[in-house]
There are 2 protein chains.
Amino acid sequence: MIRVVGLGPGDAELLTSQAAQALEWAEVVVGYKGYIELIAPETLQGKEVVATGMTGEVPRSVAALDHAAAGKRTVVVGSGDAGVYGLAGLVMELAVTQEAWCNIEIEVVPGIPAVIAAAALLGAPLTHDFAVVSLSDLLTPWEVIEKRLLMGAQADFVLALYNPRSKKRDWQLGRAREIILEHRDPTTPVGVVRNAYRPDQEAVLTSLRELDIQLVDMFTILLIGNSHSKVLHGRLVTPRGYFDKYEIDTDS
Amino acid sequence: MIRVVGLGPGDAELLTSQAAQALEWAEVVVGYKGYIELIAPETLQGKEVVATGMTGEVPRSVAALDHAAAGKRTVVVGSGDAGVYGLAGLVMELAVTQEAWCNIEIEVVPGIPAVIAAAALLGAPLTHDFAVVSLSDLLTPWEVIEKRLLMGAQADFVLALYNPRSKKRDWQLGRAREIILEHRDPTTPVGVVRNAYRPDQEAVLTSLRELDIQLVDMFTILLIGNSHSKVLHGRLVTPRGYFDKYEIDTDS
């Protein structure tokens, strides 16, 4: 059996007890080494650990399937949620390609995704409809990403941008901003969160116009407000609409 | 101080320890009575509980602000995440309307949102870009919702639909399907999850064409695949794109 486990943002306080139990249950723990490091060393004691580098998603998943096929209780870990841009899908896709893997039970243990962690640190930006877009064009054609950004901006979704920028992918975020600016005001508030709930956490508010792209890296997630989002006492808030609907009498 | 706390889907195993600690810390716990019932009674012992009915969002938030202004350690609970269509935004919007409330510290404790819980039960539908839309037109004009559905479908986002149908709102889901079908094949897989991680949990797979709208109620969330989503061994999977990018040799 394989459990694909979301560790959440990294802070042990945001791990669910279901995830903690899955780690305890495991005989083999497979994951990107940066995520393995988020787990307390004593939790991993006596377990076989398969830690690999970035872009090792396919060999990692194959290793997990091989261990599970050999009867080992196997956990694949990811940061955030195990499904959101995570390995849960790849493990399931691979599982049907080989007879030895086909009958392996695969369970997903959900975790707090990065977008939710970032939102909590910024205020309440996701109180209305939102869309989540990864700017990584390693596996997705850039035209598809552009279309999603354009339509997401046009439809006035709050936009969460994953993988906004890395050393090798340095122009996509600037282009994304141009596209979004076709349908959203330059003063639209933008939340920039780096290392949410990890050491060196940063959460800053800026605007589409003022956003300093040079400060964004691969540990950053961006939340771009919709046309109603505002900054209230230093927090990014997207109104649900109660103030439009009701005459709110706050003199109690 | 107010902590707005996401309880997750309801199962205590999916509560984070940060949320559990916030509940312990509270002197006053405020929430919709259906959510208060998700908390173990012993956790609430000795605390003041303000439980109100549905559509009581504004009085609930006002009560929380009044208690916090009086110096009480106040927790506002919601199911799922406290931000996603939750009370975090309303509490922040209200807080700036009265001098007595302006300086109350408001902290958001994130939780596993319904969309993530539903996805975990279905398989791995959120491995690629997705959009979250509420079909409730109580606070949002229906034209805005239609536009988001149309653009979301056109941009090939996986679509998560919140509040798809209630006794009083019975036509919106049928109309939503019509709109989505303008840009997506009738065979597109759809996951229907009711009461995720609660007693009477149901998770079924169907398609845009076969979806039986009569079976959907307000405890249900729908996940509609994108053009690449597929059903693999009874699970809904949206490929990330590894199989398109690499020649995957699974003969290890």
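How each quantity is defined
- Residues numbered from 1 in each chain as written.
- Chains lettered and ligands numbered in written order.
- Predicted model: local features only at pLDDT ≥ 70, side-chain atom pairs only at ≥ 80, totals over all residues.
- Heavy atoms only, no water.
- Axes fitted to C-alpha atoms, helices over the stretch in contact; angles between N-to-C directions.
- Helix = DSSP H or I, 4+ residues; strand = E, 2+ residues; numbered from the N terminus.
- Parallel < 35°, antiparallel > 145°, perpendicular 65-115°, else oblique.
- Contact = heavy atoms within 4.5 Å.
- Nonpolar A, V, L, I, M, F, W, Y, C, P; charged D, E, K, R; others polar.
- Patch = residues over 30% accessible without salt bridge, like charges linked within 9 Å, V, L, I, M, F, W, Y side chains within 5 Å.
- Areas by Shrake-Rupley, 256 points an atom, 1.4 Å probe, with all protein chains shown as cover.
- Salt bridge = Lys/Arg side-chain N within 4 Å of Asp/Glu carboxyl O.
- Buried area = accessible area lost by both parts, 1.4 Å probe.
- Polar contact = N/O pair within 3.5 Å; in protein donor to acceptor, adjacent residues only side chain to side chain.
- Pairing = 2+ DSSP bridges.
- Buried < 20%, exposed > 50% of the residue type's maximum accessible area, 1.4 Å probe, protein only.
- Least-squares fit on C-alpha atoms with pLDDT ≥ 70 in both.
- Domains from an automatic or database assignment.
- Left-handed = near helix turned anticlockwise from the far one by under 90°.
- Core = buried A, V, L, I, M, F, W, Y, C linked by side-chain atoms within 4.5 Å.
- Expected span 1.5 Å × (residues − 1).

> Please clarify how the packing of helix α8 (residues 142-154) of chain A against helix α8 (residues 142-154) of chain B should be interpreted in this entry.
Put simply, α8(A) and α8(B) touch, their axes get as near as 9 Å, and they point 180° apart. Our classification of the angle between α8(A) and α8(B) gives roughly antiparallel. Contacts from A:Lys147, A:Met151 and A:Gln154 of α8(A) reach α8(B) at B:Lys147, B:Met151 and B:Gln154. The residue makeup of the contact of α8(A) with α8(B), split by class, is two nonpolar, two polar and two charged.

> It is not clear to me how a nonpolar patch on the surface should be interpreted in this structure. Could you clarify?
A cluster of nonpolar side chains, A:Met54, A:Met218 and A:Phe219, forms an exposed patch at the surface whose accessible area comes to about 310 Å². Tracing the chain through its elements places A:Met54 in the loop between β3 (48-52) and α4 (57-69).

> Any chance you could explain the interface of chain B and chain A here in plain terms?
When the parts of a complex come together, some accessible area is lost, and that lost area is often taken as the interface size. With 76 residues of chain B at the contact, the number on the chain A side is 76 residues. Counting the surface lost from both chain B and chain A, the interface buries some 7,200 Å², and carbon and sulfur atoms represent 61% of this. Per-residue buried area on chain B facing chain A is highest for B:Leu139, B:Arg148 and B:Tyr242; these three make up 11% of the total on that side. Where chain B touches chain A, the interface holds six salt bridges. A salt bridge links A:Asp156 to B:Arg148, with the shortest nitrogen-to-oxygen separation between them at 4.0 Å. Run the count over chain B and chain A and you get 29 residue pairs in polar contact (both at pLDDT 80 or more). The leading source of residues in the side of chain B that touches chain A is helix α5 (residues 88-95) of chain B, at six residues. Of the residues contributing to the side of chain B that touches chain A, the split by class is 40 nonpolar, 22 polar and 14 charged. Of the strand pairs in this sheet, strand β7 (residues 130-134) of chain A and strand β7 (residues 130-134) of chain B are connected by three bridges, and their pairing is antiparallel.

> Just checking my understanding: could you explain the pairing of strand β1 (residues 2-6) of chain A for this structure?
Looking along a regular strand, one sees side chains alternate from face to face of the sheet. Residue and element names in this part refer to chain A. Most of β1 sits out of view: five of its five residues are buried. Along β1, one buried face is formed by Ile2, Val4 and Gly6 and the opposite face, lined by Arg3 and Val5, is buried too. Inspection of the sheet shows β1 paired to strand β5 (residues 106-109) by four bridges, in the parallel sense. The partner of valine 5 across the bridge, within β5, is valine 109. Note that β1 and strand β4 (residues 74-78) share five bridges and pair parallel.

> Any chance you could explain the relation of the copies chain B and chain A here in plain terms?
Both copies of the chain are related by a screw-like operation: a rotation about an axis and a shift along it. At an RMSD of 0.0 Å, chain B and chain A line up after a rotation of 180° and a shift of 0.0 Å along the axis. Viewed as a symmetry operation, the transformation between the two copies matches a two-fold axis. A shared binding surface is used by both copies, with 100% of the interface residues of chain B retained as interface residues in chain A.

> Would you explain the pairing of β7(B) in this entry?
Residues and elements named next belong to chain B. Among the five residues that make up β7, five are buried, leaving the element largely enclosed by the rest of the structure. Residue alternation in β7 divides its side chains into two sets, Phe130, Val132 and Ser134 and Ala131 and Val133, and both sets are buried. Pairing of β7 with strand β8 (residues 158-162), which is carried by five bridges, proceeds in the parallel orientation. The residue bridging serine 134 from the neighbouring strand is tyrosine 162, located in β8.

> Can you help me understand the environment of B:Ala69 in this one?
Residue and element names in this part refer to chain B. As for its position among the elements, alanine 69 is in helix α4 (residues 57-69). Residues alanine 69 and leucine 161, 92 residues apart in the sequence, show an inter-C-alpha distance of 36 Å. Residues in contact with alanine 69, not counting those within four places in the same chain, are Ala100, Trp101 and Ile104.

> Hey, could you run me through the domain arrangement of chain A in this one?
Residues and elements named next belong to chain A. We note that the domain assignment places domain 1 (2-112) and domain 2 (115-237) within chain A. A separation of 28 Å is found between the C-alpha centroids of domain 1 and domain 2. Domain 1 puts ten residues into the contact, and the matching count from domain 2 is ten residues. Here domain 1 packs against domain 2, burying approximately 740 Å² in sum over the two surfaces, 69% of which is carbon and sulfur. Taken as a group, Pro9, Tyr85 and Ile112 account for 56% of the area that domain 1 buries against domain 2, more than any other trio of residues on that side.

> What should I look at first to understand the packing of α8(B) against helix α9 (residues 172-181) of chain B in this one?
All names here are of chain B. In contact at an axis separation of 9 Å, α8 and α9 are set at 35° when each is read in the N-to-C sense. Along this stretch, α8 crosses α9, giving a crossing that reads as right-handed. Packed against α8, whose contacting residues are Trp142, Glu146, Leu149, Leu150 and Ala153, the element α9 presents Gln172, Arg175, Ala176, Ile179 and Ile180 at the interface. Residue composition of the contact of α8 with α9, by class: seven nonpolar, one polar and two charged.

> Help me out: how do you make sense of the nonpolar core in this one?
Side chains of nonpolar character tend, in soluble globular proteins, to be buried together. Counting residues in hydrophobic clusters, the biggest one holds 104 residues, and the most contacted among them are A:Ile2, A:Leu126, B:Ile2 and B:Leu126. For A:Leu126, the residues in contact, after removing those within four places along its chain, are A:Val115, A:Ile116, A:Ala119, A:Val158, A:Leu223, B:Gly83, B:Val84 and B:Tyr85. If you look at the next biggest cluster of nonpolar residues, it comprises 48 residues, including A:Phe157, A:Leu208, B:Leu135 and B:Leu149.

> What am I meant to see in α4(B) here?
An α-helical turn contains 3.6 residues, so a residue and the one three or four places further along point in the same direction. All names here are of chain B. For α4, spanning 13 residues, the distance from its first C-alpha to its last is 18 Å, which sits close to the expected 18 Å at 1.5 Å a residue. The buried fraction of α4 amounts to ten of the 13 residues, a majority that puts the element mostly inside the structure. Burial in α4 covers these residues: Glu57, Val58, Arg60, Ser61, Val62, Ala63, Ala64, Leu65, His67 and Ala68. Within two residues after α4, glycine 71 carries a phi angle of roughly 90°, on the positive side.

> What is the right way to look at the sheet that holds strand β6 (residues 123-124) of chain A in this model?
Consider a sheet: its strands pair through backbone hydrogen bonds, and that pairing is either parallel or antiparallel. All names here are of chain A. Reading across the sheet, the three strands line up as β6-β13-β12 and stay open at both edges, with mixed pairing between neighbours. The open sheet is flanked by β6 and β12 (230-232), the only strands paired with a single partner. The pairing of β6 with strand β13 (residues 235-237) spans two bridges and is classified as parallel. Opposite alanine 124, over in β13, you have valine 237 as the bridge partner.

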